[in-house]
Amino acid sequence: QVQLVESGGGSVQAGSSLRLSCAASGSTFSRHIMGWFRQAPGKEREFVAAIHWRDDITYYSDSVKGRFTISRENAKTAVSLQMNSLKPEDTAVYYCAADSRMIGVSRHSSEYAYWGQGTQVTVSS
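Residues numbered from 1 in each chain as written. Predicted model: local features only at pLDDT ≥ 70, side-chain atom pairs only at ≥ 80, totals over all residues. Heavy atoms only, no water.

Considerations on the state of the cysteines
Disulfide: a covalent bond connecting the sulfur atoms of a pair of cysteines. All chains considered together, the criterion is met by one disulfide. What pairs with Cys-22 in a disulfide is Cys-96, and their sulfur atoms sit 2.1 Å apart. The disulfide joining Cys-22 to Cys-96 has a torsion of about -80° about its S-S bond and is therefore left-handed. Taken as a pair, Cys-22 in strand 3 (residues 18-25) and Cys-96 in strand 9 (residues 92-99) lie far apart in primary sequence, 74 residues in all. (Disulfide = S-S within 2.5 Å. Helix = DSSP H or I, 4+ residues; strand = E, 2+ residues; numbered from the N terminus.)

Rendered as structure tokens:
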């Protein structure tokens, strides 16, 4: 059974950093596109970042580009999201996602087959 488990969320002040981790099990995720999405209260789930299994090319939303970094770890069985210079508008539940069917990275949550349970990130001003 495929599982994605996130960790590393928390409550911090604006300008701080957090590192989220997503551990994958139950499948060989070396050929999966891995991504992070977030969902704030009352808003739709939105794309944050993704990394392609083939060449480790990374993709970011405009709102986090230059502040967040996605990377693979542990022989591609885990993915992390380093979040720097956090802002109150980054407050959301962050979800790890994975999919093996896509050829290119999608920014649409509906394209990802596997999801973690989410981890809360709260940034206060």
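Section: the nonpolar core
The biggest cluster of nonpolar side chains holds 27 residues, and the ones touching the most others in it are Trp-36, Leu-81, Met-83 and Tyr-94. Going through the elements one at a time, strand 3, strand 4 (33-39), strand 5 (46-51), strand 7 (68-73), strand 8 (78-83), strand 9 and strand 11 (119-124) are the ones with two or more residues in this core. Ranked by size, the runner-up nonpolar core spans seven residues in total, among them Phe-37, Phe-47, Ala-97 and Tyr-112. (Core = buried A, V, L, I, M, F, W, Y, C linked by side-chain atoms within 4.5 Å. Buried < 20%, exposed > 50% of the residue type's maximum accessible area, 1.4 Å probe, protein only.)

Structural notes on the sheet that holds strand 1 (residues 3-7)
The pairing of strands in a sheet happens through backbone hydrogen bonds and is either parallel or antiparallel. Strand order across the open sheet formed by four strands is 1-3-8-7, with antiparallel pairing between neighbours. At either margin of the open sheet sits one strand with a lone partner, and together these are strand 1 and strand 7. With direction set aside, neighbouring strand axes in the sheet form an average angle of 15°. Judged from the five bridges that link them, strand 1 and strand 3 form a sheet pairing that is antiparallel. Bridge assignment links Val-5 to a residue of strand 3, and that residue is Ala-23. (Pairing = 2+ DSSP bridges. Axes fitted to C-alpha atoms, helices over the stretch in contact; angles between N-to-C directions.)

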